[in-house]
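Results of the structural survey
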There are 2 protein chains.
Amino acid sequence: MGKINIVKYPPRETWERVTKRPGGGASDLDRVCETIFEEVRREGDEALRRYTRHFDRARPEFLEVTGEEFEEAARETPAALREAILLARARVERFHVLQAPREDVTIHDHGIRCWQETRPIERVGLYVPGGSAPLFSTVVMLVVPARLAGCREIALCTPPRPDGKVHPAIAWSARACGATRLYKVGGVQAIAAMTFGTESIRRVDKILGPGNAFVTAAKQRASTLGVAIDMPAGPSELMVVADETADPRFVAADLLSQAEHGPDSQVFLVTSEEYLPERVEAELERQARALPRGEIIERALGTSTCVVLRDREECADFINSYAPEHLMLSVKDSAWWIPLVQHAGSVFIGNYS
Amino acid sequence: MGKINIVKYPPRETWERVTKRPGGGASDLDRVCETIFEEVRREGDEALRRYTRHFDRARPEFLEVTGEEFEEAARETPAALREAILLARARVERFHVLQAPREDVTIHDHGIRCWQETRPIERVGLYVPGGSAPLFSTVVMLVVPARLAGCREIALCTPPRPDGKVHPAIAWSARACGATRLYKVGGVQAIAAMTFGTESIRRVDKILGPGNAFVTAAKQRASTLGVAIDMPAGPSELMVVADETADPRFVAADLLSQAEHGPDSQVFLVTSEEYLPERVEAELERQARALPRGEIIERALGTSTCVVLRDREECADFINSYAPEHLMLSVKDSAWWIPLVQHAGSVFIGNYS
């Protein structure tokens, strides 16, 4: 439990192999997506209900969450959690409101005025994965920017639990953040529904949000059918860069936090401290024992690696050769590192030592 | 010659049919793309040369434009054209420099600082279609923003002419705007080359630029293979909205300017002036006779329509139901129209009467 590959001083020509992403089997994904899309297009809600029974073991009465269910969700979401969600909403709002498009893109030339105006996308469809953890933070991070942008319809799809309901904190967050519809449909069938429209679900202009390999393949299919998508979000990835000031306990905790996302997650420790991988591995073993998602972690760590490189310049090159979704800088001199990061979805900087 | 469909007062439930986009045959596109991608992945330059012989009837000695060819292009591009391209470059620069990302997206909260930094994409691959017209304006509009963004490598692919060269104005514009490489490869094989890399062409991080249905399908395939794309650009589209102040001669000229892009182009006149379609059609017939691309125009107008609606409110709804790539407002009161436009790639406003 907690075993991870350790590679010391790999030559550059081997980096591509060391950082190979797990996955494959794309042809199977495509075939599954094609079938589900075709059935949803042809049969609408009927197909959605069939796949919801099959994949989610659920038989919801209505595919859309009703007013009554929202009230129930409010009662069932503890006050402390509701408060935490509102705090998160406020922070996410403060950040995204600053991203509002510039109003000052205008040039005049020979009596011609050229300018840029942006318009909100009218109907967006947001996808929130289900599974074992209720991802209400994903609800907040998807719905708030859509609302700030001024989207008129903000539909949210998420798979129901076997009792035919969505987790109360998901329902409560959706309403609190301003989603206009919440549907109990997940997976490829949800993406197909938002692409074609069904009796219950209106088609949308753009689909956004994370998902597993099937949802990603479904979004890519949607993008060939006249619906825009944000990006093909893949499995979770994290690189932790650590120097001699990093605490192996926190490095291990960070690695586990992403590894537990799914069996196809991939995490790396990148360091020039030769002693660090063994210490981090010992911590991974100790901490993983206390976590409920042991099997997922085990599989994710199987394609994960602690890499020792000669110096921080080489570490920076290694990061950029992989371009991780998340990058954690656990170093004393983050100002040296930041300008060197060429690609990364998000960068966390912290040193808890 | 110049015949166009005319539809007066179509009920709303028929709009979808009236505005149906031409196209289809997607399965064939996919099959062609799959074959070419696989061959380029496996054989590299060898496959590029084979398809260049096949589609472009060209046997270039090198796939990359050399220094000597650039010098020749400079000699062969008339001074007046070079000056015009430099003027266009300056205007495009003035506009895009204003789009630089905001530097002020930062919040502080409980000792945590969250901020946004953007990075240029390192390697972009730009596609400039070939065919009968040398699209040097496309070169300017693709290369200038990439250079302003700070992309390190700006590769440009365009099909060669049968003599194995690219049009001098294309080569000259590419260099003048700051492209770092210019390749004589077009079509699906160009997109595949930029996706996988070959002996001559380096793989890129993102592919941008217009193209025909094959290039669009190829870009969509690239997006499932780890390369980002700008968007699935389709055939050219234009809606001209005209009121009683519009001059039928200019309306017809605008419609023809897009119709001549390709046989799959689609154009619309949208008006509440019942007399206008017949006058515009007469102008289309008169002007089309003088144009060299008669057959292309004929076919494009076959799926194009002049639509008369009850009032301008209905016209605005009609525009938004279609969401044209280009919208031309040939009206006296453009300030009334602009806020109502929900979707359109670009809007031109002008009234030449």
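The structure presented is a predicted model; accordingly, all values stated were derived computationally and were not measured. (Residues numbered from 1 in each chain as written. Chains lettered and ligands numbered in written order. Predicted model: local features only at pLDDT ≥ 70, side-chain atom pairs only at ≥ 80, totals over all residues. Heavy atoms only, no water.)

1. Overview of the relation of the copies chain B and chain A
It takes a turn of 180 degrees to lay chain B on chain A, together with a shift of 0.0 Å along the axis; the resulting RMSD is 0.0 Å. These values place the two chain copies in the arrangement generated by a two-fold rotation axis. A shared interface surface links the copies, since 100% of the contact residues of chain B are contact residues in chain A too. (Least-squares fit on C-alpha atoms with pLDDT ≥ 70 in both. Contact = heavy atoms within 4.5 Å.)

2. What about the pattern of salt bridges?
Residues and elements named next belong to chain A. Within this structure, the stated rule accounts for 54 salt bridges over all chains. Residues Lys165 and Glu72 are paired through a salt bridge, measuring 2.8 Å at the closest nitrogen-oxygen approach. Linking Lys165 in the loop between strand E5 (153-157) and helix H7 (168-177) with Glu72 in helix H4 (residues 67-76), this pair joins segments that are 93 residues apart in sequence. Of the residues examined, Glu72 reaches a relative accessible area of 21% and is grouped as partly exposed. What you see here is one network of salt bridges that share partners, running through Glu38, Glu39, Arg41, Arg42, Glu43 and Arg50. (Salt bridge = Lys/Arg side-chain N within 4 Å of Asp/Glu carboxyl O. Helix = DSSP H or I, 4+ residues; strand = E, 2+ residues; numbered from the N terminus. Buried < 20%, exposed > 50% of the residue type's maximum accessible area, 1.4 Å probe, protein only.)

3. A look at the interface of chain B and chain A
Taken together, the contacts link 33 residues of chain B with 33 residues of chain A. Put simply, chain B and chain A have 4 salt bridges between them. One salt bridge in this structure joins A:Asp109 and B:Arg94, with 3.4 Å as the shortest N-O distance. Counting across the interface, chain B meets chain A through 20 residue pairs in polar contact (both at pLDDT 80 or more). (Polar contact = N/O pair within 3.5 Å; in protein donor to acceptor, adjacent residues only side chain to side chain.)

4. Comments concerning the packing of aromatic side chains
Scanning the entire structure with this criterion turns up 12 aromatic pairs over all chains. Between A:Phe268 and A:Tyr322, the aromatic rings sit 4.9 Å apart at their centres with planes inclined by 65 degrees, giving edge-to-face as the arrangement. With A:Phe268 in strand E10 (residues 266-271) and A:Tyr322 in helix H13 (residues 312-322), the pair connects residues that are 54 residues apart, well separated along the chain. What makes A:Phe268 buried here is its relative accessible area of 0%. Accessibility expressed as a relative area gives 2% for A:Tyr322, which makes it buried. The interplanar angle of 85 degrees and the centroid separation of 5.0 Å between the aromatic rings of B:Trp336 and B:Trp337 together place this pair among those described as edge-to-face. (Phe/Tyr/Trp six-rings, centres within 6.5 Å; stacked < 30°, edge-to-face > 60°.)

5. Here we look at the pairing of E5(A)
Residues and elements named next belong to chain A. Of all the 5 residues making up E5, 4 are buried; the element is thus mostly covered by neighbouring parts of the structure. One ladder, built from 5 bridges, connects strand E4 (residues 123-127) with E5; its direction is parallel. Note on E5: the bridge partner recorded for Gly125 is Ala155. At this point the chain moves from E4, through helix H6 (residues 136-149), to the parallel E5, and the crossover so formed is right-handed. Of the pairings in the sheet, the one linking E5 to strand E6 (residues 181-183) comprises 3 bridges and is parallel in character. Bridging from a neighbouring strand, Cys157 pairs with Tyr183 of E6. (Pairing = 2+ DSSP bridges. Right-handed = clockwise from strand over helix to strand, strands pointing away.)

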